[in-house]
Amino acid sequence: MTEDSFTEVRQVVTEKVNRFLQNVFNEYETDLTAQAALYSLLGGGKRLRPLLTMIIGEMLSVPEDILIPFAGSIEMIHTYSLIHDDLPCMDDDSIRRGRATCHVEYDEATALLAGDALLNRAYEILFEECISGSKEKGKAASYIARCSGIGGMIGGQSEDIHAMIHSISPESLYSLHKKKTGALISASILVPHILKGEYSRSEETRDFLFSFAEHLGLSFQIKDDLLDYSSTTSLMGKTVGKDEKAGKATFVTVFGLQKARSLYDMEMKAVYHALNGLARLGYNTVLITDLTDVIHEREN
Ligand code: GRG
C-alpha cells in the first residue's frame, strides 16, 4: 500500500464514521444539550479509535455496516470522557480539539449533560444493535461498557485524579494508564474480533490483538505525556505543560524525559512485534501498520 492509498482509505473511513456521528442526535436538533454534544463530537478529533475498529475489522473481514455503530459508539464515549475531563472539577481546561471546551462554549451544567447524553446515546445505539443482532454483538457491547467503566476508563481516571508525582509507584502509574487511556483503545481493537466470533485462528489472533492493544494504549499515553512536555498549545489543540506545574504523575514527571522516551520506544517495539505476529498468521496488516505509523508519528 502506498502512502497515498492509505491516506485515501483513512479519509473515506473517517467520512463514513463522521456521517454516522452527524446523525446520532437527529431527533433532538433544538435541544441545547444535544447541540453541545454535537459541538464536541463533530469539532475535530483524529478519530483514531473508530479508525482502529474499522481497519482491524476489515483485516478480519467483518462487514463494514456491522462495525460502524460500534466504532461510532466508541468515539461518542471517548468524546464524553474528554468533555468531562475538561470540566473545572477535573482538569479545568479551556481548549480541546483546537477550540473552546464544551463548558466554555456553553456552560458547566450543559457540558456535564452533553457528556451524559453522549454516553447514554452510545449505549442506546449499542442496545439497539444487540436487540436485532447476534450474541457476538451483545458480547462486543458488553466489552465496550466494561472498558469504559470502573474497571477501565472511569477507574483509571479516578486513580489519576489522586496520583501525584511523589506518591505513586511506577507499577501504579502503568496500571492506571492501562485503564484510563488503554481500556477504550483496547475496546476499539478487540471489538472487531469479538464481532467476528469463533473461528480457527481465533485464540492466537486474540492474543496478538491483546498485545497490540495493551502496548498501543501505553505508548499512546506516554506520547501524550511527552507531547505535553515538549509541544505547544496551538499544535496540540489543548493546553500543554499543566501536568508538571500541578505536580501530576505522568511518565515524564515520574521517570524523567530520557527514560520516558526509552519506555515509549519499548512500547512501540512491542506494538510492531504484535503486528508482525498477526502478519505471520496470514492477515494483511498493511493498513493497520500504516495507521500505527500515523499514531506513532502523531504531533497532537
Ligand atoms: C472523565 C470518565 C472520564 C474519563 C476521562 C481519557 C480521559 C479519561 C481523559 C483524557 C485525558 C487525556 C488527555 C489523556 C491522554 C490520552 C488521550 C485520551 C488523549 C486524547 O485522545 P486523542 O489524542 O484525542 O485521540 P482526539 O481529540 O484526537 O480524539
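To be clear, the structure that these remarks concern was listed above.
In this text the structure is predicted, and so the values were computed from the model without any measurement.

Draft legend 1. Region of the structure containing the site of the ligand. In the vicinity of the ligand lie 21 residues, with Lys46, Arg49, His78, Arg97 and Lys238 positioned nearest. In this structure, an oxygen atom belonging to the ligand sits 2.6 Å away from a side-chain N or O atom of Lys46. In this structure, Arg97 approaches the ligand through a side-chain N or O atom, which is 2.7 Å from an oxygen atom. When residues of the shell around the ligand are traced back to their parent elements, those giving at least two are α4 (64-86), α8 (153-161), α9 (170-196) and α10 (202-230). With six residues, the single largest contributor to the shell around the ligand is α4. Split into classes, the residues belonging to the shell around the ligand amount to six nonpolar, seven polar and eight charged.

Draft legend 2. Region of the structure containing the environment of Ala213. Along the chain, the position of Ala213 falls in helix α10. You can call Ala213 buried: its relative accessible area is 1%. Sequence spacing of Ala213 and Leu278 is 65 residues, and the spatial spacing of their C-alpha atoms is 13 Å. Once residues within four sequence positions are removed from consideration, Ala213 is found in contact with Ile185, Ser186, Ile189 and Leu190.

Draft legend 3. Structural view of the nonpolar core. In terms of nonpolar packing, the biggest core is built from 82 residues, with Leu52, Ile189, Phe212, Ile288 and Leu291 touching the most fellow members. At twelve residues, the largest contribution of residues to this core is made by α9.

The rules behind these values
- Counting restarts for each chain, with residues numbered from 1 along the sequence as it is written.
- It should be noted that, the model being predicted, local features are given only for residues of pLDDT at least 70 and side-chain atom pairs only at 80 or more, the latter also being counted only at that level, while totals for whole chains, interfaces and linings use all residues.
- In computing side-chain values, all of the structure's heavy atoms are included and hydrogens and water are not.
- Whether a residue is near a molecule or strand depends on its heavy atoms: it is near if one of them lies within 4 Å of it.
- Two N or O atoms form a polar contact when they lie within 3.5 Å of each other; inside protein one atom must be a possible hydrogen donor and the other a possible acceptor, and for residues adjacent in sequence the pair counts only when both atoms belong to side chains.
- Only DSSP runs of H or I reaching four residues or more are called helices, and only runs of E reaching two or more are called strands; each is numbered from the N terminus.
- Any residue outside Ala, Val, Leu, Ile, Met, Phe, Trp, Tyr, Cys, Pro, Asp, Glu, Lys and Arg is labelled polar, Gly included; the first ten of those are nonpolar and the last four are charged.
- Summary of the burial criterion: residues with accessible area below 20% of their type's maximum are buried, those above 50% are exposed, and those between are partly exposed, where the area comes from a 1.4 Å probe applied to protein chains only.
- Here, two residues are considered to be in contact whenever any of their heavy atoms come within 4.5 Å of each other.
- By nonpolar core is meant a set of buried Ala, Val, Leu, Ile, Met, Phe, Trp, Tyr and Cys residues that side-chain atoms within 4.5 Å join together.

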